[in-house]
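In case you want the letters, here they are:
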Amino acid sequence: MARPLIHRSPMPGLGLSAGITLTMLSLVVLLPIGALLLQGANFGLSNIWATVNRPRVWAALYLSFRLSLFAAIFNLVFGVLLAWVLVRYRFPGRRILDAAVDLPFALPTAVAGIALTALYAPNGVLGGFARDWLAPLGNLVFGPFGAQFTGKIAYTQLGIFIALVFVGLPFVTRTVQPVVEEIEREVEEASATLGASRAYTIRRVILPMLSPAALTGFALALARAVGEYGSVIFIAGNIPMLTEIAPLLIVIQLEEFNYDAAAAIGIAMLAISFAMLLAINLIQIWSRRRIGHV
Amino acid sequence: MITTIRISDRITAQGEEIAKEADGRVTIATGLHMLTGWPVTRLLKSAAAALALAMVTLAPQAQAQSLLNVSYDPTREFYRDYNAAFARHWESLGNSAPTIETSHGGSGSQARAVVDGLNAQVVTLALAADIDRVAEAGKLPEDWQAQLPHNSSPYTSTIVFLVRKGNPKELNDWGDLVEEGVQVITPNPKTSGGARWNYLAAWAWAEKNGQDPQEFVGKLYKNTPVLDNAARGSTTTFAQRGIGDVLLAWENEAYLALKELGEDQFDIVVPSVSVLAEPPVALVEGNIANDAQRELANEYLNYLYSPEAQALAFKHFYRAWDTSAAAPEDVERFPEVELVDIESFGGWKQVQDEHFGDGGIFDQIYVPQ
């Protein structure tokens, strides 16, 4: 006898809810990705490889994933810190700050990009500061070691990095925050009474409890950064080989009505993203095994 | 039929309906009891009713007197005025006021939107090549450009330099732009129609001045620190962000920047050679719903050639054809310049494949092949 796809459950409504879930998931997620893969399948694996295996595409992919990774790591550290501060401390303006964390979610990405560019362009407030003060100072200190810093932020890779940090920050903070709220102070007190130092408590008690949520936030921030187009496009100079992100390359292919090449680069990004998210999930599983469920 | 009834405030019951009482209550049989109460509208019924209502309200309005004009970036101001003028003209012909909508964006992406199904009855794009794409998709006849006068281009423009006030780097012609330390702002020719004209103008100058054009445009783009996606983006980068020494711009865009951002900040420099940019217009046959709409769309395009509309084009810094109704100062503004048209490059099809295609000459500037 064939096994039914969905086993009968004592809970009522399983069939209905499973049906709704599967339909929604298919419509919203699986269908578009399927269409992308279908376009790629028609194009052929060797053609996809030929499209991707060009210096300009590699440069764009490398730039996108490298900066996304850096931005996600930056957000991992500062997002966790921010969540901790927002939950554990009481200070004036805390609620406003708490609400402001969501702004990158709410702001249209183009608005964010234009605002960031206006700030960090050489004639903007922060860009001017960087050019007039940071750059001479940096060159004074690091100049003798051969490092050169022009003080340009917008239209360089640094600008892209800042935009990616901006859009990714809420992901880490918002996933970690509820977990910090759940941590009972008694646990820390118990650790202290058992003779652990503060650093030891953080390392062996707090961080293990935070790490699953932090990793999830990290993965979300990374995924968002890889796909980010709207805000980056304004602050990146979009110079091929230097500041051209992979999503822009896809748009350029579309402008040429070259749907196959666009799909090929899309599939390459999908594959790399998938591998990265898989690796993060494996780390999560491994860390859960090591320190148990918390 | 299974019916739900309300027995008291909080209690409802369901069962087979067996009788309707005179006062509107119904009696049901639940299997154990016979119960009588007020029927409750079922959730699904009300949901279905709401859905039906939504369908009715969202149903497309009658299309007869409406028109969508899909245009490119710098025509915003011109078509805002033109739409108002045309509406007056259309009403004076004894018709009711038309609803005319205009959409603006990069010429290439606008063309793609129409190919992908944007319901535009009229396209007014930056290059014939973009309308050719729409024609290739079967939405208008191959010979569309022969349907209206002047290659279907009611107005033309050219490419000029916008420089900082007083022209501190003394950039007077194309040759000055490839000097060391000059920063040139131009959009990405892959995504912007205007940028392709910029590129071709530079190419034409190099050809006429005995330089290797490929090497020349290569040097030009090496001096470009930012490649925006569209002409407006480049204007912003140059004017608002203060990047670069010279902006390669549509002539109308350059005058507009002067007008909007202050004449005390920028100067316009007209190079010795430039291109005759013909932004064409066309009726999208495949998106015409009925004869009334066709008539409206045809008149919309034909009226572009009327003296009033031509005057408007002059006013918005386009080089139009018919000066009869234009203000003299709008016409005299344009200096004489040697203009090269697209045919001297072999037509758009050839230019597109040779220069801007995948791995074409423009790509080779960044990735030597």
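Residues numbered from 1 in each chain as written. Chains lettered and ligands numbered in written order. Predicted model: local features only at pLDDT ≥ 70, side-chain atom pairs only at ≥ 80, totals over all residues. Heavy atoms only, no water.

S.K.: Give me the overall build of chain A: which residues, what numbers.
M.R.: When its secondary structure is counted, chain A shows 13 helices and zero strands. Judged by the C-alpha coordinates and their principal axes, chain A covers about 65 × 60 × 35 Å. Per-residue burial over chain A gives 41% buried out of 294 residues. Carbon and sulfur atoms form 71% of the exposed surface of chain A, whose accessible area is close to 16700 Å². Taken together, the 20 basic and 14 acidic charged side chains of chain A have centroids lying 6 Å from each other. (Helix = DSSP H or I, 4+ residues; strand = E, 2+ residues; numbered from the N terminus. Buried < 20%, exposed > 50% of the residue type's maximum accessible area, 1.4 Å probe, protein only. Areas by Shrake-Rupley, 256 points an atom, 1.4 Å probe, with all protein chains shown as cover. Lys, Arg positive; Asp, Glu negative; His and termini not counted. Charge placed at Lys NZ, Arg CZ, Asp CG, Glu CD.)

S.K.: Now, about a nonpolar patch on the surface: what can you tell me, with residues and values included?
M.R.: A cluster of nonpolar side chains, namely Leu 16, Ile 20, Met 24, Leu 25, Leu 27, Val 28, Val 29, Leu 30, Leu 31, Ile 33, Leu 37 and Leu 270 of chain A, defines an oily patch on the protein surface of about 1100 Å² accessible area. Tracing the backbone shows Val 29 of chain A in helix α1 (residues 14-43). (Patch = residues over 30% accessible without salt bridge, like charges linked within 9 Å, V, L, I, M, F, W, Y side chains within 5 Å. Salt bridge = Lys/Arg side-chain N within 4 Å of Asp/Glu carboxyl O.)

S.K.: An account of the sheet that holds strand β5 (residues 66-71) of chain B is requested, with residue identities and associated values reported.
M.R.: Residue and element names in this part refer to chain B. Taking strand neighbours across the sheet as the criterion, the four strands line up as β6-β5-β7-β14 in an open arrangement whose pairing is mixed. For this open sheet the edge positions go to β6 (99-103) and β14 (281-283), each flanked by a neighbour on one side alone. For this sheet the average axis-to-axis angle between neighbouring strands, irrespective of direction, equals 20°. Across five bridges, the pairing between β5 and β6 is parallel. Considered in β6, the bridge of Val 70 is made with Ser 103. Sheet contacts for helix α10 (residues 291-302): β5, β6, β7 (122-124) and β14; angle to β5, the most-contacted strand, approximately 45°. (Pairing = 2+ DSSP bridges. Axes fitted to C-alpha atoms, helices over the stretch in contact; angles between N-to-C directions. Contact = heavy atoms within 4.5 Å.)

S.K.: Describe the nonpolar core, with residues and values.
M.R.: Tyr 82, Trp 174 and Trp 348 of chain B are the most contacted members of the largest nonpolar core, which totals 96 residues. Here this core takes nine residues from helix α6 (residues 193-208) of chain B, the largest share from any one element. Viewed by domain, this core spans two of them, domain 2 (66-155 + 278-327) and domain 3 (159-276 + 338-366) of chain B, each represented by three or more residues. Core analysis: the next-biggest nonpolar cluster, separate from the first, contains 36 residues, Ala 71, Val 232 and Ile 252 of chain A together with Leu 258 of chain B among them. (Core = buried A, V, L, I, M, F, W, Y, C linked by side-chain atoms within 4.5 Å. Domains from an automatic or database assignment.)

S.K.: How would you summarise the sheet that holds strand β2 (residues 12-20) of chain B if you had to cite specific residues and measurements?
M.R.: Residues and elements named next belong to chain B. In space, the four strands of this closed barrel follow the order β1-β2-β3-β4, with antiparallel pairing throughout. Averaged over all adjacent pairs, the angle separating strand axes in this sheet is 65°, with direction ignored. For strand β1 (residues 2-6) and β2, the ladder comprises five bridges, and the chain directions are antiparallel. Looking at β2, one finds that Arg 6 is bridged to Thr 12.

S.K.: Talk me through the pairing of strand β4 (residues 34-39) of chain B; I want residue IDs and the actual numbers.
M.R.: All names here are of chain B. Examined bridge by bridge, β1 and β4 share two bridges and lie antiparallel to one another. Each residue of the ladder has a partner; that of Arg 6, found in β4, is Trp 38. Pairing geometry for strand β3 (residues 26-29) and β4, over four bridges, is antiparallel. Each bridged residue has a counterpart across the sheet, and for Ile 28 the counterpart in β4 is Leu 35.

S.K.: Describe the UniProt feature "transmembrane region" (unreviewed entry) in chain A, with residues and values.
M.R.: Residues and elements named next belong to chain A. Here, UniProt's "transmembrane region" (unreviewed entry) annotation points to residues 12-38, 58-87, 99-121, 153-172, 232-252 and 264-286. Within residues 12-38, the helical portion is 93% and the strand portion 0%, while the C-alpha atoms at the span's ends are 37 Å from each other. For the annotated span residues 58-87, helix accounts for 100% and strand for 0% of the residues, and the straight-line distance between the end C-alpha atoms is 42 Å. (UniProt positions renumbered as here; feature names shortened; annotations may be inferred.)

S.K.: Break down the interface of chain B and chain A for me, with residues and values.
M.R.: Taken together, the contact between chain B and chain A spans 27 residues of the former and 26 residues of the latter. Carbon and sulfur atoms supply 53% of the area that chain B and chain A bury against each other, a total of about 2300 Å² over both sides. It is Arg 112, Arg 241 and Asp 358 of chain B that lose the most area in chain B upon contact with chain A, and together they represent 28% of the buried surface on that side. Counting across the chain B and chain A interface gives two salt bridges. Asp 358 of chain B is paired through a salt bridge with Arg 54 of chain A; the nearest N and O atoms lie 3.2 Å apart. Counting every contact that joins chain B to chain A gives eight residue pairs in polar contact (both at pLDDT 80 or more). Put simply, the parts of the chain that give the side of chain B that touches chain A at least two residues each are α3 (107-115) and α14 (361-366) of chain B. (Buried area = accessible area lost by both parts, 1.4 Å probe. Polar contact = N/O pair within 3.5 Å; in protein donor to acceptor, adjacent residues only side chain to side chain.)

S.K.: Can you explain the packing of α6 of chain B against helix α7 (residues 213-222) of chain B? Please cite residues and give values.
M.R.: Angle between the axes and distance between the axes: these two values describe a pair of packed helices. All names here are of chain B. For the pair α6 and α7, the least separation of the axes is 8 Å and the interaxial angle reads 130°. Considering their axes alone, α6 and α7 lie oblique with respect to each other. For the crossing formed where α6 meets α7, the hand is right-handed. Facing α6, whose interface residues are Ala 195, Tyr 199, Ala 202, Trp 203, Trp 205, Ala 206 and Glu 207, α7 presents Pro 213, Gln 214, Phe 216, Val 217, Leu 220 and Tyr 221. (Parallel < 35°, antiparallel > 145°, perpendicular 65-115°, else oblique. Left-handed = near helix turned anticlockwise from the far one by under 90°.)

S.K.: So what's going on with the environment of Arg 203 of chain A? Residues and values would help.
M.R.: Here Arg 203 of chain A lies in helix α10 (residues 198-227). Given a relative accessible area of 53%, Arg 203 of chain A falls into the exposed group.

S.K.: A description of the side chain of Thr 158 of chain B should follow, citing residues and the corresponding values.
M.R.: All names here are of chain B. Topologically, Thr 158 is positioned in the loop between β8 (155-156) and β9 (159-164). Exposure remark for Thr 158: the relative accessible area of 1% places this residue in the buried category. Within the local environment of Thr 158, its side chain forms a polar contact with the side chain of Ser 274, the two groups lying 2.9 Å apart. Of the polar contacts made by the side chain of Thr 158, one reaches the backbone oxygen of Val 275; its length is 2.6 Å. When sequence neighbours within four positions are dropped, the list of residues in contact with Thr 158 reads Ala 249, Trp 250, Glu 251, Ser 274, Val 275, Arg 319 and Leu 339.

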